[in-house]
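Residue-level structure breakdown
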Amino acid sequence: MIRINSIVIEEFRGIRKLTLDFKGKNFAICGPNGTGKSGVVDALEFVLTGNISRLSGEGRGEISVKQHAPHVDKQNDPAKARVIVSVTIASLKKTVSIERNVKSPGSATIIPNDADVVEVLRHVAGRPEIMLSRRELIRYVLATPGKRDEEVQALLHLDQIGDVRTSLQKIANALKRQLVVLEASVKGALENLNRALGIGQLTKENIFTAANSKRALLNLPAIAEFTATTSLKDGMAVPGPAKPQAILKKQAMADIQAAREGLEAIAGSETTKAVAVVLAELKALAADPLAAAGVSRENFYTIGISLIEAEICPFCDTKWDLDALRTKVQKKLEHLKELSRKRKDVEKKLLPLCTAEKGISEYAIHPDNP
Amino acid sequence: MDSPTKSTAVGDVPTQVFEKFLEAITAAGVAPEMVGRIRKALLEDHDFTEDGLESAIFGEGVADD
């Protein structure tokens with residue numbers, strides 16, 4: 001806090017030269033219009049901040065501090081328009097002199113020019129409320145109670161805080177809406193958990209009792225305490241991906257050896273000869289038209305021969321020679337029996353060959369199942 | 001003496017209010033990283049928008065709903 005002791009105003013606004021001694025107390029100026037009352041206030045603002053808010057800012061057009069602050073007789077000599085103020089800084093217990101002229105409003109002569117003094121004066125210059133215009137005061141007085149905080153914010157340039165408050169309120173409202181949804185979700189999850197565990201009230205003891213009784217059935221150790229990573233399924237085997245079955249090298253080598261021996265046996269001359277014989281007999285069998293008729297035809301002839309009793313066919317009444325027919329059918333039957341015998345003979349020869357082939361197939365490595 | 005600008009003046013009213021606010025949320029136990037982000041948004045970047053403050057509070061990875 002600073003107190004103004006005295007002020008000297010020269011060639012400033014409508015004042016040629018004026019010295020006022022405030023004695024560090026409240027001070028009021030009164031007088032008719034145009035006698036320079038506002039000039040004293042402007043001088044005070046100018047010496048403390050380097051600016052006159054009434055002459056600058058939005059809506060002031062071509063009015064400027066440099067052109068309009070000096071007295072009309074000194075407009076071409078702004079260095080002569082100056083203000084000197086003596087203030088006491090209570091916190092530092094220092095009395096300071098500040099001098100500023102309109103030619104160089106951005107720089108002031110401060111005595112003593114101590115760092116702590118400069119810091120306090122910068123602080124004062126950053127307080128826009130040190131100078132309130134009549135309009136600002138009236139606007140505040142006339143403001144309705146609901147709007148007064150906005151007027152105070154405008155006076156103190158607190159619109160930034162208003163923006164922040166509005167933004168924070170919007171964020172808070174959005175979070176409240178999200179909270180309702182999340183709380184409902186939590187409630188649903190708790191109800192599901194209660195139902196799954198079969199407990200009435202969700203307490204730590206109830207959860208332990210319900211979970212541990214089921215864990216005991218699975219031979220799992222009881223859970224005694226919850227931590228951030230505790231799971232009621234702790235200790236349960238988790239089925240992983242099926243691992244390919246390992247093949248013992250010794251077994252594999254034995255299989256390969258057996259397959260090799262089997263192949264060598266098949267490739268041998270004896271087997272080749274046996275195959276050639278079997279093939280020749282099979283071809284001979286296939287060439288005989290009766291061979292395809294097989295067993296059913298053999299049965300047919302056997303029954304037929306027993307029916308040849310009269311001299312007339314029982315189906316078409318055609319006469320036949322009984323002995324000649326019986327002999328003919330008998331020959332066919334014997335031929336069929338001969339075919340059957342040959343087939344059985346070929347099958348007998350084929351059996352060891354098939355067995356050898358089957359043995360090799362078992363040892364062979366299937367491409368889909370290495 | 002240079003005339004300080006309104007928003008960067010040492011100890012101007014909004015800055016003092018924001019400092020008090022940051023002190024209060026620090027005392028309330030808000031994480032120091034979050035306080036640092038809010039301080040940067042308010043006092044360095046002068047970002048008072050909803051998006052800016054939301055990023056400061058929740059970090060850059062704030063989820064859009």
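All of these numbers come straight from a predicted model, not from anything done at the bench.

When helices and strands are tallied, chain B shows three helices and zero strands. When the elements of chain B are put in sequence order from the N terminus, they spell out α-α-α. Here chain B holds 65 residues, and 17% of them are scored as buried.

So, on to the overall build of chain A. If you tally the helices and strands in chain A, you get 11 helices and five strands. Sorting the 370 residues of chain A into buried and exposed places 12% on the buried side.

Residues and elements named next belong to chain B. Confidence in the prediction for chain B averages 78 pLDDT; 74% of positions are at 70 or higher. Per-element averaging of pLDDT across chain B places helix 1 (residues 13–27) at the bottom with 89 and helix 2 (residues 32–44) at the top with 92. Ignoring residues within four places in sequence, the model shows residues 1–10, a span with pLDDT below 50, making 26 contacts including any to other chains. Interface confidence for the predicted complex, expressed as ipTM, amounts to 0.77; the pTM equals 0.41.

Moving on: the pairing of strand 2 (residues 15–21) of chain A. Residue and element names in this part refer to chain A. Burial analysis of strand 2 places just zero of its seven residues in the buried class, a small minority of the element. Sheet topology note: the strand 1 (residues 2–12)/strand 2 ladder contains six bridges and is antiparallel. Across the sheet, residue Glu-10 finds its bridge partner in strand 2, namely Lys-17. Where strand 1 folds back on strand 2, the antiparallel hairpin that results is connected by two residues, among which Arg-13 adopts a positive phi of roughly 55 degrees.

This paragraph deals with the packing of helix 1 of chain B against helix 2 of chain B. All names here are of chain B. Remark: helix 1 packs on helix 2, axes separated minimally by 11 Å, with the N-to-C direction vectors making an angle of 170 degrees. Here helix 1 is positioned roughly antiparallel relative to helix 2, judged by the angle of their axes. Between helix 1 and helix 2, the residues in contact are Thr-15, Phe-18, Leu-22, Ile-25 and Thr-26 and Val-35, Ile-38, Arg-39, Leu-42 and Leu-43, respectively.

So, on to the sheet that holds strand 5 (residues 109–111) of chain A. Remark on secondary structure: sheet strands pair via backbone hydrogen bonds, oriented parallel or antiparallel. Residues and elements named next belong to chain A. Strand order in the open sheet formed by five strands is 2-1-3-4-5, and the pairing between neighbours is antiparallel. The open sheet has two edge strands, strand 2 and strand 5, and neither has a second partner. For this sheet, the mean angle separating the axes of adjacent strands, direction not counted, is 15 degrees. The strands touched by helix 1 (residues 37–49) within the sheet are strand 1, strand 2, strand 3 (82–89) and strand 4 (94–101), with strand 1 carrying the most contacts at an inclination of about 110 degrees. Helix-sheet contacts for helix 3 (residues 115–125) involve strand 1, strand 3, strand 4 and strand 5, and the interaxial angle to strand 5 is about 130 degrees.

This brings us to helix 2 of chain B. In this model helix 2 of chain B runs 17 Å from its N-terminal to its C-terminal C-alpha over 13 residues, within 8% of the 18 Å that 1.5 Å per residue would give. Here the buried face of helix 2 of chain B lies against helix 6 (159–197) of chain A together with helix 1 and helix 3 (50–58) of chain B. Once helix 2 of chain B finishes, His-46 of chain B follows within two positions and takes phi at roughly 50 degrees, a positive value.

Residue and element names in this part refer to chain A. A cis amide bond, omega -5 degrees, links Ile-111 with the succeeding residue Pro-112. Relative to the helices and strands, Pro-112 resides in the loop between strand 5 and helix 3. A positive phi angle is found at Lys-93, which is not glycine, with a value near 55 degrees. Tracing the backbone shows Lys-93 in the loop between strand 3 and strand 4.

Residue and element names in this part refer to chain A. For strand 1 and strand 3, the ladder comprises eight bridges, and the chain directions are antiparallel. Considered in strand 3, the bridge of Ile-7 is made with Val-85. In this structure, strand 3 lies alongside strand 4, joined through eight bridges in antiparallel fashion. Looking at the pairing, Ile-89 lines up with Lys-94 of strand 4.

Let's shift gears to the packing of helix 6 of chain A against helix 3 of chain B. Closest axis-to-axis distance for the helix 6 of chain A/helix 3 of chain B pair is 9 Å, and the angle between their directions is 65 degrees. Where helix 6 of chain A crosses over helix 3 of chain B, the handedness of that crossing is right-handed. Residue-level inspection shows Val-164, Ser-167, Leu-168, Lys-170 and Ile-171 of chain A of helix 6 of chain A in contact with helix 3 of chain B, the latter providing Glu-50, Leu-53, Glu-54 and Ile-57 of chain B. Residue composition of the contact of helix 6 of chain A with helix 3 of chain B, by class: five nonpolar, one polar and three charged.

Moving on, we get to the nonpolar core. Core analysis: the largest hydrophobic core is formed by 23 residues, its most contacted members being Ala-43, Val-47, Ala-69 and Val-83 of chain A. Elements with a contribution of two residues or more to this core: strand 1, helix 1, strand 3, strand 4 and helix 3 of chain A. Listed in part, the eight residues of the second largest apolar core include Val-164 of chain A together with Ile-38, Phe-48 and Ala-56 of chain B.

It is worth spelling out the environment of Pro-78 of chain A at this point. Residue placement: Pro-78 of chain A occurs in the loop between helix 2 (65–68) and strand 3. Setting aside residues up to four positions removed in sequence, Pro-78 of chain A forms contacts with Lys-66, Pro-70, Asn-101, Val-102 and Lys-103 of chain A.

What follows covers the environment of Leu-202 of chain A. Residues and elements named next belong to chain A. Assignment of secondary structure puts Leu-202 in the loop between helix 6 and helix 7 (204–217). The spacing of Leu-202 and Glu-191 is 11 residues in sequence and 8.8 Å in space, taken between C-alpha atoms. If near-sequence neighbours (up to four positions away) are discounted, Leu-202 is found in contact with Leu-190, Leu-193, Asn-194 and Ile-207.

Rules of the game
Residues numbered from 1 in each chain as written. Chains lettered and ligands numbered in written order. Predicted model: local features only at pLDDT ≥ 70, side-chain atom pairs only at ≥ 80, totals over all residues. Helix = DSSP H or I, 4+ residues; strand = E, 2+ residues; numbered from the N terminus. Buried ≥ 20, exposed ≤ 12 C-beta atoms within 10 Å, placed from the backbone. pLDDT = per-residue confidence, 0-100. Contact = placed C-beta atoms within 7 Å. Pairing = 2+ DSSP bridges. Axes fitted to C-alpha atoms, helices over the stretch in contact; angles between N-to-C directions. Parallel < 35°, antiparallel > 145°, perpendicular 65-115°, else oblique. Expected span 1.5 Å × (residues − 1). Left-handed = near helix turned anticlockwise from the far one by under 90°. Nonpolar A, V, L, I, M, F, W, Y, C, P; charged D, E, K, R; others polar. Core = buried A, V, L, I, M, F, W, Y, C linked by C-beta atoms within 7 Å.

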